[in-house]
Amino acid sequence: MRRLKTFISFILMLSLMLSIFIVSLPINAVVADASESENSVWDGKSKNTVQPNGDTYTITSPGELAWFRDVVQNGSVDFSDYVIEITGNFDLNNMSWNPINVKNKYLHCKKLYVHDCTFKNLTRNLFSDLKIDECYFINTDFIDLNMNDVNGTLGAIAGDLEISDKGRLYIYDVSINGKIWGSENTFWGNYRGNYGALMRGLKVDSDANIDITYVRVDLKSRGLDTVGGLIAQITKGGTGGIIHIEKSSVHGDFFARDNYGYSSVFCGGMIGEVSGNDLVIEECVVDGSFKAEGYTSWSGGMIAKAAADTLIIKNCQFNVSLSSHSPGGILGHSTMEDNGKSIIQNCFVVGNFSRYGQAFVTLNEKDNGIPVENCYFDYQKSNLSKDAMYGNGRLTVFWEVTSYTKKLKNCKGLTSVEAKIPSNFANWDFNNVWKLGDSSPVLIWNNIGIDPPQWSDRLLETDSESDKEIVELVKRYTTAANVDAWDKIMQSSNSDEEKFRQLSELSSNMGLNNPAEGIKYLQDTSSER
């Protein structure tokens, strides 16, 4: 077994070494380094035509991205039978960028696959309003955003993104930093536009599936009415499908403001407003300042306004400063009722709250809200009484603060000393999910300093045919003959150069001519091996 493991390591090593010598690789094999690309910085004018390779249009430079924007806007190219792949380095150079505005909004294509990208100095969202069936943003960084707009709906990916019925959206290992800043209207003295780091609005049709995992946000944002650390507004229709947000973090300074003096204003750590069905949020971290200012205003550590039919929030960590009429450490303005499906569970809150705040949930005049279970907060660091956990807050001077306790189970305000003792956290997993930090529990994934697991398209494939293919690959590369041949080469007294020549020949005989195939094999077959 040990010899077999060493041989498999050889496959990876050889794949990487071969990649140095191979000049031409298939699509997806190599992404050029930004420092080596002469076309990675946009001049604001260049547009370079892209021709399809098989069933794929591959876009690798700002000039090609500008061409793509124009042809989807005027409808001159039909992408219905093609995959649209965007990969590489795109420095928009703080030039005036008009977002990709799809004609009739609906981008008909096999798949939009954005991966291994760096977008830098983007002044507007990548897409304007977009409806699509299948969309991926994988291993992509948005660096030094400098978004500034009047009456805009801003987000790094899109203004409004709609996933069609039975469609799917995967956002995995994406980072966003910089500024999304509404232009100040000098007459009203306010900031214009609804903003979220990923997108302003996410609309999900029935039976669509959304997965957002390992997204990291470090942002300053100022907007009108609704601001969210990840997404300003989510609307989920129908009863099928699910929106799943997991292992993501938001850090920064966010501010939503009423433009006219009589609007409701929402500012949420991850989401400004949510309505509809089936939203699950797990193992997420929110750390920052969230302020809503207006006639009526709500701020929430996770969501500012929650009107979802089904909402599950589990194992989340909050270190927040919340300011509004009615701040809630997790939910700021909940109109949800206890339907037996929604729950907030195993969360920890530390916060600085404006007056009338609640550590977990503030309600909108309802005494039948979402259950909260096994949640705790450090009341000594949160300028709250130890009983201020669940109540209606205070929306205007005419409302009195009322606290509710019947929706709480195993919930408690702790002292700073008590927050350091794991036994005070009932039914928490301190082996796989949480660990004790310097002063309180912290999520393991966010504190171990490693990169997210490598994305693989095979993560999307669960059918038996895919499983059989993986097994055949394992058999193909790990036959006794292959292992013996490798062993003989490695045990010989030949020079390193001769060994490498022989290993290269062996790999060719094995059919491992493409280093990307070997790397992909190792990524995709860990459980079988």
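Per chain, residues are indexed from 1 in the order of the written sequence. Where local features are concerned, this predicted model is filtered to residues with pLDDT of at least 70; where side-chain atom pairs are given and counted, the filter is 80 or more; whole-chain, interface and lining totals use all residues. Side-chain figures throughout are based on the complete set of non-hydrogen atoms in the structure, without hydrogens or water.

**Describing the overall build of the chain**
Secondary structure follows DSSP: runs of H or I at least 4 residues long count as helices, runs of E at least 2 residues long count as strands, and numbering of each begins at the N terminus. In terms of regular secondary structure, the chain is built from six helices and 35 strands. Split into buried and exposed, the 529 residues of the chain put 54% on the buried side. Should any heavy atoms of two residues lie within 4.5 Å, those residues are counted as being in contact. Considering only contacts within the chain whose residues lie at least 6 apart along the sequence, 79% involve residues at least 24 apart. Surface accessibility of the chain: about 22600 Å² in total, with carbon and sulfur atoms responsible for 46%. Accessible area is worked out with a 1.4 Å probe on protein chains only. A residue is then buried under 20% of its type maximum, exposed over 50%, and partly exposed in between. All accessible-area figures derive from a Shrake-Rupley calculation using a 1.4 Å probe, and residue coverage is judged against the displayed protein chains alone.

**Description of the pattern of salt bridges**
The salt bridge definition used is simple: a Lys or Arg side-chain nitrogen within 4 Å of an Asp or Glu carboxyl oxygen. What the rule picks out here adds up to 14 salt bridges. Of the charged contacts in the structure, one is a salt bridge between Arg200 and Asp160, with a shortest N-O distance of 2.7 Å. Of this pair, Arg200 sits in strand S10 (residues 199-204) while Asp160 sits in strand S6 (residues 158-182); the two residues are 40 residues apart in sequence, bridging distant segments of the chain. Among the salt bridges present, the one from Arg257 reaches Glu293, with a minimum N-O distance of 3.5 Å. Within this pair, whereas Arg257 is found in strand S15 (residues 249-257), its partner Glu293 is found in strand S19 (residues 285-293), the two being separated by 36 residues in sequence. Exposure remark for Arg257: the relative accessible area of 23% places this residue in the partly exposed category. On the basis of relative accessibility, which here comes to 32%, the residue Glu293 falls in the partly exposed class. One salt-bridge network, held together by shared partners, links Lys47, Arg69 and Asp70.

**Topic: the environment of Val114**
Here Val114 is to be found in strand S3 (residues 111-120). Taking the C-alpha atoms as reference points, Val114 and Ile171, separated by 57 residues in sequence, lie 9.5 Å from one another. Setting aside residues up to four positions removed in sequence, Val114 forms contacts with Ile86, Phe119, Tyr136, Phe137, Ile138 and Thr140.

**Describing helix H2 (residues 62-74)**
Here the expected span of a helix is defined as 1.5 Å times the quantity of residues minus one. With 13 residues, H2 ought to run about 18 Å at 1.5 Å a step, and its terminal C-alpha atoms sit 19 Å apart, in line with that. The buried fraction of H2 amounts to 10 of the 13 residues, a majority that puts the element mostly inside the structure. The complete set of buried residues in H2 reads Pro62, Gly63, Glu64, Leu65, Ala66, Trp67, Phe68, Arg69, Val71 and Val72. With its phi angle positive at about 70 degrees, Gly75 sits one or two positions after the end of H2.

**A few points about the pairing of S10**
It is a general feature of regular strands that their side chains alternate between the two faces of the sheet. Counting buried residues along S10, five of its six residues qualify, which places the element largely inside the surrounding structure. One ladder, built from five bridges, connects S10 with strand S13 (residues 231-236); its direction is parallel. By the bridge assignment for S13, Met199 is matched with Ile231. Between any two strands, at least two bridges found by DSSP are needed for them to pair.

**Quick notes on the pairing of strand S14 (residues 242-246)**
Along S14, four of the five residues are buried, which leaves the element largely enclosed by surrounding structure. One ladder, built from five bridges, connects strand S11 (residues 209-224) with S14; its direction is parallel. Within the sheet, the bridge partner assigned to Ile210 lies in S14 and is Ile243. Taken together, the four bridges between S14 and strand S18 (residues 279-282) define a ladder with parallel strand orientation. The partner of Ile243 across the bridge, within S18, is Leu279.

**Considering the nonpolar core**
For the purposes of this section, nonpolar cores are sets of buried Ala, Val, Leu, Ile, Met, Phe, Trp, Tyr and Cys residues that join through side-chain atoms within 4.5 Å. Membership of the largest hydrophobic core comes to 108 residues, with the highest contact counts inside it found for Ile303, Ile313 and Phe360. With residues up to four places along the chain from it excluded, the contact list for Phe360 reads Gly328, Gly329, Ile330, Leu331, Val349, Val372, Cys375, Tyr376, Phe377, Met389, Leu408 and Cys411.

**Some details on the packing of aromatic side chains**
By convention, a stacked pair of Phe, Tyr or Trp rings (six-membered ring in the case of Trp) has centres within 6.5 Å and planes under 30 degrees apart, an edge-to-face pair has planes over 60 apart, and any other such pair is tilted. What the rule picks out here adds up to 21 aromatic pairs. When the ring of Tyr376 is compared with that of Phe425, the centres are 5.1 Å apart and the planes differ by 70 degrees; the resulting orientation is edge-to-face. With Tyr376 in strand S30 (residues 376-378) and Phe425 in the loop between strand S33 (412-414) and strand S34 (434-436), this residue pair connects regions lying 49 residues apart in the sequence. Relative accessible area serves as the criterion here: at 3%, Phe425 is assigned to the buried category. Cluster of aromatic residues (ring-pair linked, three or more members): Phe348, Tyr376, Phe425, Trp428, Phe430 and Trp434.

**Quick look at the confidence of the model for the chain**
Mean pLDDT for the chain: 78, with 74% of residues reaching 70 or above. Per-residue confidence from the predictor is given as pLDDT, running between 0 and 100. Within the model, pLDDT remains below 50 along residues 15-38, and this stretch shows 33 contacts once partners closer than five positions in the same chain are excluded. Counting interchain partners and residues more than four positions distant, the pLDDT-below-50 stretch residues 185-192 has 29 contacts.

**Focus: unusual backbone geometry**
Located in the positive-phi region is Asn139, a residue other than glycine, with phi close to 50 degrees. A positive phi angle is found at Lys166, which is not glycine, with a value near 65 degrees. Examined against the element boundaries, Lys166 turns out to sit in strand S6. Taking relative accessible area as the criterion, Lys166 reaches 62% and is therefore assigned exposed.

**As for the side chain of Arg69**
Tracing the backbone shows Arg69 in helix H2. For Arg69, the side chain forms a polar contact with the main-chain oxygen of Asn98, separated by 3.4 Å. When neighbours within four sequence positions are excluded, Arg69 is seen to be in contact with Trp42, Lys47, Trp97, Asn98, Pro99 and Ile100. Side-chain atoms alone can form a polar contact between residues adjacent in sequence; in general such a contact is a pair of N or O atoms within 3.5 Å, and within protein one must be able to donate a hydrogen while the other accepts it.

**Comments concerning the environment of Ser440**
Checked against the element boundaries, Ser440 lands in the loop between S34 and strand S35 (441-443). Residues Ser440 and Ser416, spaced 24 residues apart in sequence, show a C-alpha to C-alpha distance of 7.9 Å. If we skip the residues at most four places from it in the chain, Ser440 touches Phe348, Ala419 and Lys435.

**Things to note about the environment of Ile84**
Among the structural elements, Ile84 can be located in strand S2 (residues 83-91). The exposure class assigned to Ile84 is buried, which follows from its relative accessible area of 0%. Taking the C-alpha atoms as reference points, Ile84 and Lys111, 27 residues apart in sequence, are found 6.2 Å from one another. In contact with Ile84, not counting residues within four places along its chain, are Tyr57, Ile59, Phe68, Phe79, Leu107, Cys109, Lys111, Leu112 and Tyr113.

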